[in-house]
Structure formats: structure tokens, C-alpha cells
Amino acid sequence: MMQIFMPLNFLGFVYREIKGSLTNIENMFDLLKVNSSVSRNSKSESLTVNQGAITFENVSFGYAKERTILNNLSLNIKAGSKVAIVGPSGSGKSTLTKLLCRFYDVTNGNIQIDGQNIAQVKLDSLREVIAVVPQDTVLFNASIYDNIHYGNLSATKEQVIAASDAANLKTFVESLNDGFETHVGERGLKLSGGEKQRVAIARALLKDSPIMVFDEATSALDSHNEEAIMRTIKKVARHHTAIMIAHRLSTVTDADHIFYLEQGQLVEEGTHQQLLEKEGRYAALWRSQSQ
Ligand code: ATP
């Protein structure tokens, strides 16, 4: 997500520099002196994640003082579970994940991972344990291989290939004259939306963090690719905590738990079946999408 704040050609350049010197990827943020709206406390401890349980406790937040986006929101995501966050556009779904990555600080309340308040741990250690496939995937002007490898600079070539296969990129890469060495162009413009999404998914899978966030990660995919990727995400979710933000409810019916947000508040939660039986907001959205 931080990439959106950076000139992408420069990011590609920095990536190559870093890769060359095998520096820890988190140093890249320091190198770029990315402006962050959150404060860093040099004395704070590193986050230690054993299981990846996430708690939002009475969280309120607004990008501007006069407009509250999340309003006293509390929710629990069990360790290792695969959950979905759904709700109308603008209800605060992406904001929730931006707060989890601490791109912004909450105004009130707190967010905990395995019982540790994320505002009180080293920011780098927090970002290390979360892999995000953002809504608007941004690739930098480098090869497909490098764009995936960026997820984990210490990964071997075999691991990069395995991640790309898991993200259903194999046939696409094989169809290219230069294969993995094909450059994606500025902002990844030479790739389709779905291809870009799959590169971003491969990158996140390679990062292999205990917490994975997929923000509308399959929205640009055709149904064949979407089904394949959802299978992969579910496989991954067996060992990780996975949060999927989805518009199309059909993609998350078998999530362990579904949170339905409206106007920055948690309105309903449960499994798909429980929410249908409730005959409430989720059920209404499901019916409107099933027509
Ligand atoms: P969608 O389903 O359309 O992606 P969402 O539920 O993910 O929506 P958010 O992206 O969290 O919603 O946005 C919630 C509200 O916050 C929206 O009204 C949006 O306009 C506002 N918002 C989001 N990002 C910013 C920002 N950087 N600055 C100011 N307002 C923002």
C-alpha cells in the first residue's frame, strides 16, 4: 500500500539497488523517507505473532476531524481463520485494513494482534507480519519476476515460481517471449487488470506472512481465474489468518466468519448461512446479487 505514495520508476530503481545489496526490504521505506501519518517510537518492542488473532476494540477513525468513517467498531478475528468483510461501497472496509497496517492511527479505541496493541510495537515489525493485496494493485517498472520477488527478497527462484503458479500465472508467463523477464511497463500498464492482480497475489503469497489481507483481490479476474485463486487463498488460509474484502458475496460464502459493515459500523456478523437465516442486511444484499 505504501507504494502509492512513491514514484514508481524510482521504486523500481530502489528495488534493484536493494536487491543488489540484499538489504532488508523494510529499509526501503527508510531509504525513501516515506511520510507517514503515524508516529514511530524507537523504544517500542517488536510485534511477535504466534497465531495471528486480531481484535478491533471500540475503534473510531476519520481521515478528517469533521467526518467519522469508523464509529466505535469492535470485532474479533480468530487466529488462523478466513474471514470476509462485506458491506456497501464507502462503509469503511478498506479503511479497516489500512488501520490494521497502521497507515493511520485510530482516533479512539485500539487494535491488537495476539494481544499486542499495534500502536505500541515497532512499525516495521507490524508491516512484516501482514501481506496486503490492495484494491488498486500498483506494480513498478521492472520485470514480472522482480515484481513478485519484491514480496520476499530472500526467496529463491523456485519459491518465486511456486508463488506465481499458485496465483495462476504460469500459462500467462509461458505465453510471453521473455517469460518472467518481461517488463510490466510503467505502473504495470502492459498487463491487464487481472494479470496485475495475479502478480500482486503471487507477491503476497511469496511474502507468506501470518496475516494476509485481500482487498477486492479478484475483482478484475474472470470467473475461471477467480475460482482458481480463491482455492489458493483458501489453501493459504489454513495456516494463516486471512481477511478478504469482497463486493461479490458469492466469493466468500464459505468464509469462517463474515462481518457486514455499514456506515463504519459492524451491523451483522456470522457465517453465510447464519446471516441468510437472520434475514437482515446481508440477506438482502445476497438476494439483490443473486438476481
Ligand atoms: P469500497 O467498497 O467502495 O472500496 P470501502 O467500504 O472499502 O469502499 P473505504 O475505502 O474504507 O470504503 O472508505 C470509507 C470512506 O472513507 C469513504 O467515504 C471514502 O470516501 C473515505 N476515504 C477513504 N480514503 C480516504 C482518504 N485517504 N481521505 C479521505 N477520505 C477517504
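Above this text you will find the structure in question.
Nothing here was measured: the structure is a model prediction, and the numbers come from that model.

Trainee: Explain the overall build of the chain to me, using residue names and the numbers behind them.
Mentor: Check the secondary structure of the chain and you find 11 helices and 10 strands. Sorting the 291 residues of the chain into buried and exposed places 38% on the buried side. For the chain, long-range pairs separated by at least 24 residues make up 73% of all intrachain contacts whose partners lie at least 6 apart in sequence.

Trainee: Explain the sheet that holds strand 1 (residues 54–61) residue by residue, including any values.
Mentor: Strand order in this open sheet of 4 strands is 2-1-4-5, and the pairing throughout is antiparallel. The outermost strands of the open sheet, each flanked by one partner alone, are strand 2 (70–77) and strand 5 (116–117). When strand 1 meets strand 4 (residues 108–113), the two strands line up antiparallel, connected through 5 bridges. Within the sheet, the bridge partner assigned to Ser60 lies in strand 4 and is Asn108. The strands touched by helix 3 (residues 93–100) within the sheet are strand 1, strand 2 and strand 4, with strand 1 carrying the most contacts at an inclination of about 110°.

Trainee: Please provide a residue-by-residue account of the packing of helix 6 (residues 157–166) against helix 8 (residues 193–207), values included.
Mentor: Packing of helix 6 against helix 8 brings their axes to within 8 Å, and their N-to-C directions diverge by 130°. In terms of orientation, helix 6 and helix 8 fall into the oblique class. Where helix 6 crosses over helix 8, the two elements pack in a sense that is right-handed. Of helix 8, the residues touching helix 6 (which contributes Gln159, Val160, Ala163, Ser164 and Ala166) are Ala202, Leu205 and Leu206.

Trainee: Any chance you could break down helix 6 for me, citing the residues and the numbers?
Mentor: Taken residue by residue, helix 6 has Val160, Ala163, Ser164 and Ala166 as its buried positions. Buried positions in helix 6, seen along its axis, are confined to an arc of 160° and lie on one side of it. Turned more than 90 degrees away from the buried face of helix 6 sit Lys157 and Glu158, all of them exposed. Positive phi shows up at Asn168, right after helix 6, with a value of about 65°.

Trainee: Describe in detail helix 3, supporting the description with residues and values.
Mentor: For helix 3, the buried fraction is high: 6 of the 8 residues fall into the buried class. Here helix 3 has its buried residues at Lys93, Thr95, Leu96, Thr97, Leu99 and Leu100. Once helix 3 finishes, Arg102 follows within two positions and takes phi at roughly 60°, a positive value.

Trainee: Talk me through the environment of Ser143; I want residue IDs and the actual numbers.
Mentor: Secondary-structure assignment places Ser143 in the loop between strand 6 (130–133) and helix 5 (144–149). Take Ser143: there are 16 C-beta atoms within 10 Å of it, and that puts it in the partly exposed class. Counting along the chain gives 90 residues from Ser143 to Ile233, while the straight-line C-alpha distance between them is 24 Å. Filtering out sequence-adjacent residues up to four positions away, Ser143 remains in contact with Phe180, Glu181, Thr182 and His183.

Trainee: Run through the sheet that holds strand 8 (residues 241–245), naming residues and quoting values.
Mentor: One open sheet holds the 6 strands; their spatial order is 6-7-8-3-9-10, and the pairing between them is mixed. Looking along the sheet, the strands with just one partner apiece sit at the ends: strand 6 and strand 10 (265–270). Taken pair by pair, the neighbouring strands of this sheet meet at an average axis angle of 20°, ignoring direction. As paired elements, strand 3 (residues 82–86) and strand 9 (residues 257–262) share 4 bridges and run parallel to each other. Of the residues in strand 9, the one forming a bridge with Ala84 is Ile258.

Trainee: Could you give an account of the nonpolar core, with specific residues and numbers?
Mentor: Of all hydrophobic cores here, the largest spans 73 residues; its most connected members are Ile201, Ala202, Phe214, Met244 and Ile258. With near-sequence residues (within four places) excluded, Ile201 lies in contact with Val133, Ala167, Ala217 and Ile229.

Trainee: Any details on the pairing of strand 3? Residues and values, ideally.
Mentor: Side chains on a regular strand alternate between the two faces of the sheet. Judged by how many residues are buried, strand 3 sits mostly within the fold: 5 of 5 residues are covered. Alternating residues of strand 3 divide into Lys82, Ala84 and Val86 and Val83 and Ile85, and every residue in both groups is buried. Pairing of strand 3 with strand 8, which is carried by 4 bridges, proceeds in the parallel orientation. Looking at the pairing, Lys82 lines up with Ala242 of strand 8.

Trainee: Before we move on, can you summarise the environment of Phe214 with the specific residues and values?
Mentor: Of note, Phe214 is situated in strand 7 (residues 211–215). With 29 C-beta atoms packed within 10 Å, Phe214 lands in the buried category. For the pair formed by Phe214 and Thr241, sequence separation is 27 residues and the distance between their alpha carbons is 11 Å. Phe214 has contacts with Val133, Ile233, Ala242, Met244 and Ile245, leaving out every residue within four places of it along the chain.

Trainee: Before we move on, can you summarise the pairing of strand 9 with the specific residues and values?
Mentor: Bridge count for strand 9 against strand 10 is 5 bridges, and the pairing is antiparallel. Each residue of the ladder has a partner; that of Ile258, found in strand 10, is Gly270. Connecting strand 9 to the antiparallel partner strand 10 that follows it, the hairpin turn spans 2 residues, and Gln263 within it adopts a positive phi of roughly 45°.

Criteria and cut-off values
One numbering rule holds for all chains: residues counted from 1, following each sequence as written. Only residues with pLDDT of 70 or above have their local features reported here, since the model is predicted, and side-chain atom pairs are shown and tallied only from 80 upward, although totals for entire chains, interfaces and linings are computed over all residues. The helix and strand labels rest on DSSP assignments: H or I over at least four residues marks a helix, E over at least two residues marks a strand, and numbering proceeds from the N terminus. The exposure label follows from counting other C-beta atoms within 10 Å of a residue's C-beta, where the C-beta atoms are placed from the backbone and the thresholds are 20 or more for buried and 12 or fewer for exposed, leaving partly exposed in between. Contact between two residues is assigned when their C-beta atoms, built from the backbone, lie within 7 Å. Any two strands with at least two DSSP bridges between them are considered paired. Helix axes are fitted only over the stretch in contact, all axes being lines through C-alpha atoms; the angle between N-to-C directions runs from 0 to 180 degrees. Throughout, the term roughly parallel applies to angles under 35 degrees, roughly antiparallel to angles over 145, roughly perpendicular to angles from 65 to 115, and oblique to all others. Take the far helix as the reference: if the near one is turned anticlockwise from it by less than a right angle, the crossing is left-handed, and if turned clockwise, right-handed. The arc in question is traced by the directions running from the helix axis to the C-beta atoms. In plain words, the nonpolar core is the set of buried Ala, Val, Leu, Ile, Met, Phe, Trp, Tyr and Cys residues that C-beta atoms within 7 Å link up.

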